Amino acid sequence: MKRWMDHFVLRRWLSAYADMQLHGTLLERVRSHIASCGFCQRDLVGIKNGRDLLANWETVHVAQRRVDWGWMAAAAAVIIAVLAIRWSPVPTVHAMDVNFYAAQFRSAGYCSYPCTSLVETSFEAVRASAPLALQYPARMPSSIVLSRVIRYRTQQYEGVGLLFAGTGKRFWIFEQPERLSVATNSLPTGPILICGRECTRIECAQVRLLNWTKDGLSFVVATDLEKNDVEAIVASLRRLKS
Amino acid sequence: MCGPQVAALNQAYHDALYRFARLFLGNAADAEEVVQEIYVKLLEQRAVVPETVSRAWLYRVVLNACMDFRKTWWQRRREGSSALMMMGDGKRTPEQVVLESESSEGLRLALQGLPRRLRATVILRDIEGISYEDLASALNCSVGTVSSRLNRGRKILAKVMQR
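The shown structure was predicted, so the numbers you read here are calculated from the model rather than taken from an experiment. (Residues numbered from 1 in each chain as written. Chains lettered and ligands numbered in written order. Predicted model: local features only at pLDDT ≥ 70, side-chain atom pairs only at ≥ 80, totals over all residues. Heavy atoms only, no water.)

K.L.:
Summarise the overall build of chain B; cite the residues concerned and give the values.
P.N.:
Counting its secondary structure elements, chain B contains nine helices and zero strands. Along its sequence from the N terminus, chain B presents helices and strands in the succession α-α-α-α-α-α-α-α-α. Looking at the 163 residues of chain B, the share that counts as buried comes to 50%. Sequence separation of at least 24 residues holds for 64% of the intrachain contacts in chain B that already meet a minimum separation of 6. As displayed, chain B offers around 7600 Å² of accessible surface, 50% of which is attributable to carbon and sulfur atoms. (Helix = DSSP H or I, 4+ residues; strand = E, 2+ residues; numbered from the N terminus. Buried < 20%, exposed > 50% of the residue type's maximum accessible area, 1.4 Å probe, protein only. Contact = heavy atoms within 4.5 Å. Areas by Shrake-Rupley, 256 points an atom, 1.4 Å probe, with all protein chains shown as cover.)

K.L.:
Which residues make up helix α3 (residues 24–36) of chain A, and what values do they have?
P.N.:
Residue and element names in this part refer to chain A. The terminal C-alpha atoms of α3 lie 19 Å apart, and with 13 residues this matches the ideal 18 Å at 1.5 Å per residue to within 8%. Burial in α3 covers these residues: Leu27, Val30, His33 and Ile34. Projected down its long axis, α3 carries its buried residues within an arc of 135°, all on one side. Facing away from the buried side of α3 by more than 90 degrees, the exposed set consists of Thr25 and Ala35. (Expected span 1.5 Å × (residues − 1). Arc of directions from axis to C-beta.)

K.L.:
Could you give an account of the packing of aromatic side chains, naming the residues involved and the relevant values?
P.N.:
Enumeration over the complete set of coordinates arrives at twelve aromatic pairs over all chains. Ring geometry for A:Phe164 and A:Phe171: centres 6.5 Å apart, planes at 55°, overall tilted. Each member of the aromatic cluster is reached from another via a ring pair, and the members are A:Phe100, A:Tyr101, A:Tyr152, A:Trp172 and A:Phe174. Above the ring of A:Trp13, the side-chain terminus of A:Arg12 is found at 5.9 Å from the ring centroid. Seen from the ring of B:Phe24, B:Arg119 lies directly overhead, with NZ or CZ sitting 4.6 Å from the centre. (Phe/Tyr/Trp six-rings, centres within 6.5 Å; stacked < 30°, edge-to-face > 60°. Lys NZ or Arg CZ within 6 Å of the ring centre and 35° of its normal.)

K.L.:
Report on the packing of α3(A) against helix α4 (residues 38–55) of chain A, specifying residues and quantitative values.
P.N.:
Residue and element names in this part refer to chain A. With their axes 5 Å apart at the nearest point, α3 and α4 run at an angle of 105° to one another. When the axis of α3 is compared with that of α4, the two are roughly perpendicular. Along its contact with α3, which presents His33, Ile34, Ala35 and Ser36, the element α4 presents Gly38, Cys40, Gln41 and Leu44. Residues of the contact of α3 with α4, tallied by class, amount to four nonpolar, four polar and no charged. (Axes fitted to C-alpha atoms, helices over the stretch in contact; angles between N-to-C directions. Parallel < 35°, antiparallel > 145°, perpendicular 65-115°, else oblique. Nonpolar A, V, L, I, M, F, W, Y, C, P; charged D, E, K, R; others polar.)

K.L.:
Let's hear about the pattern of salt bridges: which residues, and what values?
P.N.:
Evaluation of the coordinates by the stated rule reveals 13 salt bridges over all chains. A salt bridge links B:Arg125 to A:Asp19; its shortest N-O distance comes to 3.3 Å. Placement of B:Arg125 in helix α7 (residues 116–127) and of A:Asp19 in the loop between α2 (14–18) and α3 is noted, with the two residues assigned to different chains. As far as burial versus exposure is concerned, B:Arg125 and A:Asp19 are alike and both buried. The salt bridge partner of A:Arg201 is A:Glu203, with a shortest N-O separation of 2.7 Å. On the accessibility criterion, A:Arg201 (32% relative accessible area) is partly exposed. The exposure class of A:Glu203 is partly exposed, given its relative accessible area of 36%. (Salt bridge = Lys/Arg side-chain N within 4 Å of Asp/Glu carboxyl O.)

This is how it looks when you write it as structure tokens:
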């Protein structure tokens, strides 16, 4: 009887459990209920399948017409704001939104504020005209290969993202100028040591995010690899020779 | 709100809001109209704006605008009596349409077939990556309700795409 009562109370939390959003007593209750409930085990598989379908889905790219008087007024306001910023003695703050990295991890391929453009490119092209002194991992777990390269821009800076993927695992490494910091959007953060480097761990749903600065660069890693694999890759980062 | 404030909102959030409206309504032209109407309302000070505008609040505004958009008699006529019927063409069942489509198109149709509250929750969480707390605030419900809506939405998507 108690098990059935639990079932009706706890089954609503299956998605939150799948997204690792539960903590403490509730997490333990849901975990132990799932272990003993066949219905919830089946439901959990369906929930994860549905979530993964969307996570791997290439979403629509934003391209649209913006023509009418309302937009003309808004455009004029933007121009005035930009000019005001240019002439203002107060320096503008530049920090990449953490959602940008999480969105790329989910194969979104679109910019989040304050990224102003994003282009797909090739490793050869980026190497030929590197916007910064890129570093490249000399070691990668077997069957994980470079599968995507992007260049993204803010108003002032440019960064490069390299996606290594294979066997259902992904390792994104984003490299950008040190002055372009990362805004954590009030997500919980904590220190973590990776190969002796003091990194910041950002608690983001569905993806492990790490950030550190070294050699004038700011690195952001978005991955679902285990920590020891991440350490091996980070330890093998070498300055790319042009 | 004054022009520069609306312009700053536009610069910061426009793409995300437009993308959400487009996925929710399933139509680029409708999404443009809805998002544009929101900016006009803000510019003409026809909306009650909180002191600090959060992303969650903006998503709620867009969702309400999408819901209102669907309430007009013309849109109801276009939409048909059932959301799932949108997936059929009168000769084929929605399931057949999904089977015959490419998986991406099938997924888009399956998403459009979800009841609108589930659709909004699933889009904001699984595509936009909004946190459970922000989702609860945007949808004006509890975190538990967010989780249970995600349960239903995700299971329906998985089931439709499996067929």
